[in-house]
Amino acid sequence: MTSLNEAALPEAAGRLPIPSYQRRAVRTGIVHFGVGGFHRSHQAMFIDRLLNLGGSQDWGICGVGVLPSDALMRDVLENQDGLYTLVLKGAEGTEEARIIGSITEYLYAPDDPAAVIRKLADPTTRIVSLSITEGGYSISDSTGEFDPRTPDILRDLIPNTVPGSAFGLITAALARRRDQGTAPFTVMSCDNIQGNGNVARKALVSFARLMDPELAGWIAETVAFPNSMVDRITPVTTDHDRAAVAEAYGFSDAWPVVAEPFEQWVLEDQFTAGRPPLEDAGVQIVDDVEPYELMKLRLLNASHQVMSYLGYLAGHTYVHEVCADPLFADFISGFMEREATPTLRPVPGIDLQAYRIELIHRFANPAIKDTLARQMVDASERIPKFVLPVVREQLELGGPIDRAALAIAAWARFLDSTDEHGEPVADDRRLSELRAAARADQREPGAFLNLTEIFGDLGQDARFAAAYRQAREALQRSGARTAVKDLTELLMPTRSTS
């Protein structure tokens, strides 16, 4: 079978849309760290759409990998000339596919960090974007300050070390741009973090300050860090996805991307050296992203955390299974309506009730087959950013926190889970610390909340601690499904009928 690459495009053109632009004429304007499924279903798709409209040929993407696991992406994109298939699957059984061509280069930093720095320092590079996960910024959830704890960051801070981390490479390139009189690029975070541009600024400036305070000052004064909100559910690619693409379209794609049809990108209009006309491709360019990002983080991302541990303990594997279960769908809707929504600001142009209904519909899409396991990776980074802010604000408002408390108690229970082979199922960079705290919680209910790096001072809040202990006891006594049922029935009279 023919492999997907530039030479295969004429044959593929008869089966699905392909890039209408001359890819050899596209120049790199964006360097992106963290080329995974989400980047390729989202930002790279928007840029591809823009290139297909004509013009904007100096806004192609050069991907950069810094992790050992990125070597596979290097090999796939090299073999496929940067091309890949994006397949959008709707809940009603609809399917739409096209070949994306906006990634025209890929550099693997461990192979040649100097080449990455040269690319970043090149005046044609005007935007450096990031999808490096919530934990990739090394910002402490308890203090809100930069905490250089990861091995790659610590290594890059050693004097005269060749940089290998995203922040080390970006800082080295900005130093070179300053020295050669080249305007700085914009740093654009595409991660699910409230105020992601502000977080990126804090992380990069703090990192640079530890190396060169004068350079840090220049970065703080001259580099733009726009905030953004990004949204498209994109599960991990499976062998079944690869086989389905080959059967449907007659070529072999080693790493296609499957995603839902829904897309949203809300972006603050703050750029140092210009930007592509992204609004022409469907991006919402706004002055204030915060209402949109709070809506997404506290309704979509928080709900993923709320459903995942309870759903797993009740025997579910996939997100759509949980949301097809009326008991759990009602529980998640109750969390969104009663606990999360009161912490939001008005969102221009958005009907929040309709948005919540649409979220349940999106979660229930059986074609996506998004696993609970994917949502639960690095929960110690996700829960403090998505769920705990809801709890904190509701405590200040005197509002309900019971559903969130049950979800967090389920997380503690989940940390003791094993699969059918007796292997631990949790995947978290703080796993040993979390498991120790979960074991302590069995001996002393509430001890799990003493993880101040995650919960801060929440463990000292009497109302939250009591709700957590009550939820933990309910899970221990009757299991996840009954605990959800009992709590839903208990809270039913307080639910809005609007």
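Look up a bit, the structure's there.
Everything in this summary refers to the structure shown in the same document.

Calculation criteria
- Residues numbered from 1 in each chain as written.
- Predicted model: local features only at pLDDT ≥ 70, side-chain atom pairs only at ≥ 80, totals over all residues.
- Heavy atoms only, no water.
- Helix = DSSP H or I, 4+ residues; strand = E, 2+ residues; numbered from the N terminus.
- Buried < 20%, exposed > 50% of the residue type's maximum accessible area, 1.4 Å probe, protein only.
- Polar contact = N/O pair within 3.5 Å; in protein donor to acceptor, adjacent residues only side chain to side chain.
- Contact = heavy atoms within 4.5 Å.
- Core = buried A, V, L, I, M, F, W, Y, C linked by side-chain atoms within 4.5 Å.
- Axes fitted to C-alpha atoms, helices over the stretch in contact; angles between N-to-C directions.
- Parallel < 35°, antiparallel > 145°, perpendicular 65-115°, else oblique.
- Left-handed = near helix turned anticlockwise from the far one by under 90°.
- Nonpolar A, V, L, I, M, F, W, Y, C, P; charged D, E, K, R; others polar.
- Pairing = 2+ DSSP bridges.
- Salt bridge = Lys/Arg side-chain N within 4 Å of Asp/Glu carboxyl O.

1. Section: the side chain of arginine 298
Working step 1: Following the sequence through the fold, arginine 298 ends up in helix α11 (residues 290–313).
Working step 2: Judged by its relative accessible area of 4%, arginine 298 falls in the buried class.
Working step 3: Separated by 2.8 Å, the side chains of arginine 298 and glutamate 393 make a polar contact.
Working step 4: Sequence-distant contacts of arginine 298, defined by excluding residues within four places in its chain, comprise Gln194, Phe335, Ala340, Thr343, Leu344, Phe386, Pro389, Val390 and Glu393.

2. Things to note about the environment of methionine 492
Working step 1: Take methionine 492: it is sitting in the segment after α22 (480–491).
Working step 2: The class of methionine 492 is partly exposed, set by a relative accessible area of 41%.
Working step 3: Between the alpha carbons of methionine 492 and glycine 334 there is a distance of 9.0 Å; along the sequence they are 158 residues apart.

3. Here we look at the nonpolar core
Working step 1: In this structure, Leu310, Trp411, Phe448 and Phe455 are the most contacted members of the largest nonpolar core, which totals 91 residues.
Working step 2: Considering each element in turn, this core owes the most residues, eleven residues, to α11.
Working step 3: Among all residues touching phenylalanine 448, those that are not within four sequence positions of it are Ile408, Trp411, Ala412, Leu415, Leu434, Ala437, Ala438, Asp441, Phe455 and Tyr468.
Working step 4: Judged by nonpolar contacts, the second largest core, of 38 residues, contains Ile139, Ile153, Ala175 and Val187.

4. Observations concerning the packing of α11 against helix α13 (residues 326–340)
Working step 1: Contact pair α11 / α13: the axes reach a minimum separation of 10 Å and the direction vectors enclose 140 degrees. With respect to their mutual orientation, α11 and α13 come out oblique. In the packing of α11 onto α13, the handedness of the crossing is right-handed. Residues Arg298, Leu299, Ala302, Ser303, Val306, Met307, Leu310 and Gly311 of α11 form the contact with α13, whose participating residues are Phe328, Phe331, Ile332, Phe335, Met336 and Ala340.
Working step 2: Classifying every residue of the contact of α11 with α13 by side-chain character gives eleven nonpolar, two polar and one charged.

5. Here's the deal with the environment of serine 228
Working step 1: Mapping serine 228 onto the fold places it in strand β9 (residues 228–231).
Working step 2: The sequence separation of serine 228 and isoleucine 285 amounts to 57 residues, and the corresponding C-alpha distance is 9.3 Å.
Working step 3: When residues no more than four places from it in sequence are discounted, the contact partners of serine 228 are Ser189, Cys190, Asn196, Trp265, Val266, Leu267, Val289 and Glu293.
Working step 4: Side-chain polar atoms of serine 228 contact the backbone oxygen of serine 189, separated by 2.8 Å.

6. Let's talk about the sheet that holds strand β3 (residues 60–65)
Working step 1: Taken in spatial order, the five strands make up an open sheet running β6-β3-β2-β7-β8, and their pairing is parallel. The open sheet is flanked by β6 (103–108) and β8 (186–189), the only strands paired with a single partner. Each neighbouring strand pair of the sheet contributes to a mean axis angle of 25 degrees, computed without reference to strand direction.
Working step 2: The pairing of β3 with β6 spans five bridges and is parallel. Directly across from glycine 65, in β6, lies its bridge partner tyrosine 108.
Working step 3: The strands that helix α3 (residues 43–52) touches are β2 (28–33), β3, β6, β7 (127–130) and β8; relative to β2, the one it contacts most, it runs at about 165 degrees.

7. Details of the sheet that holds strand β4 (residues 84–89)
Working step 1: Strand order across the open sheet formed by three strands is β5-β4-β11, with mixed pairing between neighbours. With partners counted over all chains shown, the strands left at the sheet margins are β5 (95–100) and β11 (257–259), one partner each. In this sheet, adjacent strand axes meet at a mean angle of 20 degrees when their direction is disregarded.
Working step 2: On top of the sheet, α3 reaches β4 and β5; it is set at about 75 degrees to β5, its chief contact.
Working step 3: Helix α10 (residues 239–249) contacts β4, β5 and β11 of the sheet and is inclined by roughly 95 degrees relative to β4.

8. Focus on the pattern of salt bridges
Working step 1: Following the criterion strictly, the structure yields 34 salt bridges and no others.
Working step 2: Between arginine 392 and aspartate 457 there is a salt bridge whose closest N-O contact spans 3.0 Å. Residue arginine 392 is found in helix α17 (residues 388–397), and its partner aspartate 457 is found in the loop between α20 (452–455) and α21 (462–478); the two are separated by 65 residues along the sequence.
Working step 3: Looking at arginine 392, the relative accessible area reads 30%, which means it is partly exposed.
Working step 4: Residue aspartate 457 is classed as exposed on the basis of its relative accessible area, which comes to 53%.
Working step 5: Ionic contacts of the salt-bridge type, sharing partners, join the residues Asp141, Asp147, Arg149, Glu381, Lys385, Arg430 and Glu453 into one network.

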